[in-house]
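If you want the building blocks of each chain, they are given just below.
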Amino acid sequence: MRLILFGGPGVGKGTQAKILSTKLNIPHISTGDILRQAVKDQSEMGKKAGEIINRGDLVPDDIMISIIKERLSKPDSQNGFILDGFPRTEIQAAALNKLLEELNINQFTVVYIFADEEELIKRLNYRRACKECGKIFSLQKIDGLDKCPNCGAENSFYLRDDDKEDVIRNRLKVFKSSTIPVLNYYKERREVVSVNGIGNIEDVNGLILTELES
Ligand SMILES: [Zn+2]
């Protein structure tokens, strides 16, 4: 199965992608994770991208396209994949079309996880990441804890720059101005599966799988 996941910041898109990846046994290709790793490694591309991400802006199309091209050409992507965070602009969508044509792929499903905007802002602002392992938790979940439940690191929780409210507002603005047109682009051409992302993670995942089966 080949999926393209859409959703505003904070909608739980990455979490859903990870679960789907395990259940469907196909790789989760997160451009956000690939970029964050590059920033951490201080690669040439990472240095360029880091500054842009911290402002909440979009990484330029040419960088994104080359990342995806390289990733989709790897052997583990041949039987399916979940794209998370790409395409985010119409230029990227057109580049993806071309790339999929080159790879002889014409079947894929677009999934849109939607949510109320104020609900999203609340969710993101209440998120904390672990400095050591990168895992993300809601504030409620780590209330009173001084050790990361995932890796055991001490006092490692922090609010990611891109989860701060002003940055979130900018991300939502960017999402609406750049990504919603991509979604509309797909809606005009194929069926888009839409699922409400507010709710229990497993319930939302169940909804997506049910929609995909029907
Ligand atoms: Zn951790």
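That block above? That's the structure.
Cut-offs and rules
Residues numbered from 1 in each chain as written. Predicted model: local features only at pLDDT ≥ 70, side-chain atom pairs only at ≥ 80, totals over all residues. Heavy atoms only, no water. Helix = DSSP H or I, 4+ residues; strand = E, 2+ residues; numbered from the N terminus. Rg over C-alpha atoms; globule rule 2.2 N^0.38 Å. Buried < 20%, exposed > 50% of the residue type's maximum accessible area, 1.4 Å probe, protein only. Donors = N, O, S within 2.8 Å, 3.2 Å for Na, K, Ca; no water. Tetrahedral: all angles 85-135°; square planar, octahedral: opposite > 155°, others 65-115°. Pairing = 2+ DSSP bridges. Axes fitted to C-alpha atoms, helices over the stretch in contact; angles between N-to-C directions. Contact = heavy atoms within 4.5 Å.

Topic: the overall build of the protein chain
Within the protein chain, the regular secondary structure consists of 9 helices and 8 strands. Whereas a compact globule of 214 residues would reach a radius of gyration of roughly 17 Å, the protein chain reaches 17 Å, a difference of no more than 12%. Expressed as lengths along the three principal axes of its C-alpha atoms, the size of the protein chain is roughly 50 × 40 × 35 Å. Residue burial in the protein chain is summarised as follows: out of 214 residues, 45% are buried.

Examining the coordination of the zinc ion
Looking at the zinc ion, one finds its protein donor set to be Cys130 (SG), Cys133 (SG), Cys148 (SG) and Cys151 (SG), positioned 2.3 Å from the metal centre. Geometry at the zinc ion is tetrahedral, judged from its 4 donor atoms and the angles of 105 to 112° they form at the metal. Residue classification places Cys148 among the buried residues on the basis of a relative accessible area of 3%.

Here's the deal with the sheet that holds strand β8 (residues 192-196)
As summarised here, the arrangement of the 5 strands in space is β2-β3-β1-β4-β8, forming an open sheet in which the pairing is parallel. The open sheet has two edge strands, β2 (28-30) and β8, and neither has a second partner. Adjacent strand axes in the sheet meet at a mean angle of 20°, parallel and antiparallel pairs treated alike. Across 5 bridges, strand β4 (residues 109-114) lies against β8 in parallel orientation. If you follow Phe114 over to β8, its bridge partner there is Asn196.

Concerning the sheet that holds strand β6 (residues 136-138)
Strand order in the open sheet formed by 3 strands is β6-β5-β7, with antiparallel pairing between adjacent strands. Edge positions in the sheet fall to β6 and β7 (157-158), since each of these pairs with one other strand and no more. Pairing of strand β5 (residues 127-130) with β6, which is carried by 3 bridges, proceeds in the antiparallel orientation. Bridge pairing links Arg128 to Phe137 in β6.

Section: helix α3 (residues 44-54)
The periodicity of an α-helix, 3.6 residues per turn, causes residues three or four places apart in sequence to face the same way. Among all positions in α3, only Gly46, Ala49, Gly50, Ile52 and Ile53 are buried. Looking at the packing, one finds that the buried side of α3 touches α2 (31-41). Phi turns positive, to about 85°, at Gly56, one or two residues after α3.

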